[in-house]
Each structure stands twice: as structure tokens, then as C-alpha cells.
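Each chain is listed here by its residues.
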Amino acid sequence: MRKLVLLCFFIAAFANPVSADSEQQYSLITASFSYHLFPPGDHHEYFSNRLVAVTRDTDIIPYMDRLILGTLSNSSGNQCLMLGAGRDWKKIDQKIKFVSVYAYVGEFVADSFAECADDGIYQDIDNIVGLGFAPYIYHGINYNLVHELSINGGLILPGVVSFTLEYSFLK
């Protein structure tokens, strides 16, 4: 039931207007690179995480600048759903800003995400709360290469280096 409520919230948030006077901006995030500095071990990394996510700018909730809905292969190579919120903390200049993402990455109603909790922290949390997921806390830099294309680089806590390409467009 919790999974269905989360999904309904994100579908409604992506479908509803942001505000009467703002332009709705969407982004596609892909071409993701990841490297595990910590924890040590054998991880599914580099370009094999198959991250594909759609973001939507929003001003519905204070301190949240965008909603994120996507899918990725976790560190164990299992397919997971990603539901998250992003924040632009500091604009350094016209091309660079400090950003963060706080996301739920885990299993979900669909069968394609059922194996997400088979290994690692996802399985540990599943054993405790009955739902296999991991909280993703990302902080990094967004650099605009051109108006519609940017590169994001940063750290997923506790120690995963991540880079992605982001294509932005208006509705």
C-alpha cells in the first residue's frame, strides 16, 4: 500500500501544473557513470548502472526544486525504482550550481523491481522493515555545457562517485 501511495504522489506531481506564472521544465538524466570508493567489495559500476530518470521542476513543496522518477541497476546489478526530490542550493555563476538529490531507490509494485532487495543494504533494510530500498543522498555540481545540456558530478553518500548527463527541455 505504501508503494502505491508513493507512486500516486509522483504521478500527480508530474501531471499537475507547477504554478500559473512559471514554465514547466523537464529533464532526462542518463549516461550515468558510478565508481564505489566505499564500501569496499565487488560492485556493479562504471556505465553499467543503466540510470534513466525524468525530472520535473516544481515549487509545490518548499526547499524542493524538482521531482525525480527513474530506474537504475543498483550496486548488486538489480533493477530498482528511483523516486526522489532535488534541490539547487547555490548558484555559483551562470553555468555552475551546487545541487543535491534525496531519493528512495528500491523495490516496487512491478515485478521488474522485485529483485532490488536481493543483496546488500537493500536486503538488510528489507529484513528490518519489510521493504527493500536504500536512501540515496547525493551532493554535487551541475555544470551547463549549453543551455539544454549539462553534466552533473558528485558523491552519493557514503562513497559513490557519480557523473550523469542531463538534457533539459520545456513542456
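Let me begin by describing the structure that accompanies this report. Keep in mind it's a predicted model, so treat the numbers as computed, not measured. (Residues numbered from 1 in each chain as written. Predicted model: local features only at pLDDT ≥ 70, side-chain atom pairs only at ≥ 80, totals over all residues. Heavy atoms only, no water.)

## Some thoughts on unusual backbone geometry
Point 1. Omega for the peptide link from L157 to P158 comes to 10°, which places this bond in the cis form.
Point 2. A positive phi is found at Y46, a non-glycine position, where the angle reads about 65°.
Point 3. Turning to its location among the elements, Y46 is positioned in the loop between β1 (25-36) and β2 (52-57).
Point 4. With a relative accessible area of 43%, Y46 lands in the partly exposed category.
Point 5. Of note in this structure, Y63 is not a glycine but carries a positive phi near 65°.
Point 6. Structurally, Y63 can be placed in the loop between β2 and β3 (66-73). (Helix = DSSP H or I, 4+ residues; strand = E, 2+ residues; numbered from the N terminus. Buried < 20%, exposed > 50% of the residue type's maximum accessible area, 1.4 Å probe, protein only.)

## Digging into the pairing of β1
Point 1. Across 10 bridges, the pairing between β1 and strand β8 (residues 160-170) is antiparallel. Bridge pairing in β8 links T30 to L165.
Point 2. Note: β1 against β2, four bridges, orientation antiparallel. Paired with I29 across the two strands is A53, which belongs to β2. (Pairing = 2+ DSSP bridges.)

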